[in-house]
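Descriptive analysis of the structure
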Amino acid sequence: MGILEDKDNARLFYRYFSRVYDTINPYIWDDRMRNQALEWFDADRDDRVLDVGAGTGFATEGLLNHVDEVYALDQSRGQFEQAFRKFGKHGKVHFHRGDAERLPFKDDSFDKLWSSGSIEYWPDPVAALREFRRVVKPGGTVLVVGPDYPKLRVFQKLADAIMLFYDAEEAEEMFREAGFEETRHFIQQRHRGSPRAITTVATVPEAEDTADDGDGDAGGD
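Below, the structure is looked at part by part. As a convention, each chain's residues are numbered from 1 in the sequence order in which they are written. For this predicted model, a pLDDT threshold of at least 70 governs which residues receive local features, and a threshold of 80 or more governs which side-chain atom pairs are given and counted, while totals over whole chains, interfaces and linings are taken from all residues. Side-chain descriptors were evaluated using all non-hydrogen atoms of the structure, hydrogens and water having been removed beforehand.

Quick look at the pairing of strand β6 (residues 182-189) now. Looking along a regular strand, one sees the side chains alternate between the two faces of the sheet. Pairs of strands are assigned from DSSP output, requiring at least two bridges between the strands. The helix and strand labels rest on DSSP assignments: H or I over at least four residues marks a helix, E over at least two residues marks a strand, and numbering proceeds from the N terminus. Taken together, the 8 bridges between β6 and strand β7 (residues 196-203) define a ladder with antiparallel strand orientation. The residue bridging Phe 186 from the neighbouring strand is Thr 199, located in β7. Hairpin remark: β6 followed by β7, antiparallel, with 6 residues in the connecting loop; positive phi at Gly 193, about 95 degrees.

Below, the structure written as structure tokens:
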């Protein structure tokens, strides 16, 4: 497990990194990549959408071009302080402090769920993906963006020491273990030589396929 897959370490890291996040992020995950992912997400204006690991709100801004309101969840107060400056604390964005592995929402609360730049910090990504399946209605879309595993061995060792990096095969395995059956995986890159992102678009199975999932008693928002 990488050092930033520990939740306390991740919270401490983002207490300071949040101050420069919006300056650094475009060099890794820019508007063009976000907009391409939004096309795959294919949200309708009246969809109820949850943004997990919303951070300073870069993805949330893009989502608001497609939907009327967004529910934003993050564990970092520092990240949300930056988001508050963009959106205010009350308005089209509904903020929730919380953990991706224990979402504070009832079953089938959302039509779609987006999560970009968050999975790499989760100690148990399959548990979080199961939670995503739980809170999104059957037939709804779950989109997750994470860091693609480096090709060079020297970078692989560094990546493994920091946080979760994974390839399409590992992404498929995680989503299948979490109960998803329909998945598509895309590689995105700002430019040649820059870090690569892996974007997975999955469909929540119909209700009869999730009837054996007994952890659906989380609280409501």
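Attention shifts here to the environment of Asp 111. For Asp 111, the location among the structural elements is in strand β4 (residues 110-116). A C-alpha to C-alpha distance of 5.2 Å links Asp 111 and Arg 48, two positions 63 residues apart in sequence. Every residue pair with non-hydrogen atoms within 4.5 Å of one another is taken to be in contact. Leave out the neighbours within four places in its chain, and Asp 111 touches Asp 46, Asp 47, Arg 48, Val 136, Lys 137, Gly 140 and Thr 141. Whenever a nitrogen or oxygen atom comes within 3.5 Å of another N or O atom, the pair is scored as a polar contact, on the condition that within protein one atom can donate a hydrogen and the other can accept it, and that pairs from neighbouring residues in sequence are kept only if both atoms are in side chains. A distance of 2.7 Å separates the side chain of Asp 111 from the backbone nitrogen of Arg 48, its partner in a polar contact. Polar contacts involving the side chain of Asp 111 include one to the side chain of Lys 137, which spans 3.2 Å.

Let us now look at the sheet that holds β6. Pairing is mixed in the open sheet, where 7 strands are placed in the order β3-β2-β1-β4-β5-β7-β6. Of all the strands in the sheet, just β3 (93-97) and β6 have a single pairing partner and so form its edges. Each strand axis lies, on average, 15 degrees off the axis of its neighbour in the sheet, ignoring direction. Here β4 pairs with strand β5 (residues 136-147) via 6 bridges, running parallel. Counted as the bridge partner of Lys 112 is Thr 141 from β5. A fitted line through C-alpha atoms serves as each axis, taken over the contacting stretch for helices, and the angle formed by two N-to-C directions is quoted from 0 to 180°. Docked against the sheet, helix α3 (residues 31-41) engages β1 (49-52), β4, β5, β6 and β7, running at close to 165 degrees with respect to β6.

What follows covers the packing of helix α6 (residues 125-135) against helix α8 (residues 168-177). Where α6 meets α8, the axes come as close as 8 Å, and the angle between the chain directions of the two elements is 55 degrees. In terms of axis orientation, α6 runs oblique to α8. Considering how the two elements wind past one another, α6 and α8 form a crossing that is right-handed. Here Pro 125, Val 126, Leu 129 and Arg 130 of α6 come into contact with α8, specifically with Met 174, Phe 175 and Glu 177. Each residue gets one of three labels, nonpolar for Ala, Val, Leu, Ile, Met, Phe, Trp, Tyr, Cys and Pro, charged for Asp, Glu, Lys and Arg, and polar for the others, Gly among them. Split into classes, the residues belonging to the contact of α6 with α8 amount to 5 nonpolar, no polar and 2 charged. Our angle categories are set so that under 35 degrees counts as roughly parallel, over 145 as roughly antiparallel, 65 to 115 as roughly perpendicular, and the remainder as oblique. If you view the pair so one helix is near and one far, a crossing is left-handed when the near helix is turned anticlockwise from the far one by less than a right angle, and right-handed when it is turned clockwise.

For the rest of this paragraph, the subject is unusual backbone geometry. One non-glycine residue, Asp 42, lies in positive phi territory at about 55 degrees. Secondary-structure assignment places Asp 42 in the loop between α3 and β1. When its relative accessible area of 52% is taken as the criterion, Asp 42 is described as exposed. Using a 1.4 Å probe on the protein chains alone, a residue whose accessible area is under 20% of its type maximum counts as buried, one over 50% counts as exposed, and one in between counts as partly exposed.

Buried within α8 are the following residues: Ala 171, Met 174 and Phe 175. Looking straight down α8, one finds its buried side chains confined to an arc of 95 degrees; they lie on one side. For α8, the exposed residues set more than 90 degrees away from the buried face come down to Glu 169 and Glu 173. Lining the buried residues of α8 we find α6, β5, β6 and β7. With a side-chain oxygen positioned 3.2 Å from the backbone nitrogen of Glu 169, the residue opening α8 is Asp 167. Phi turns positive one or two residues past the end of α8, at Gly 179, with a value near 105 degrees. Here the arc refers to the set of directions running from the helix axis out to each C-beta atom.

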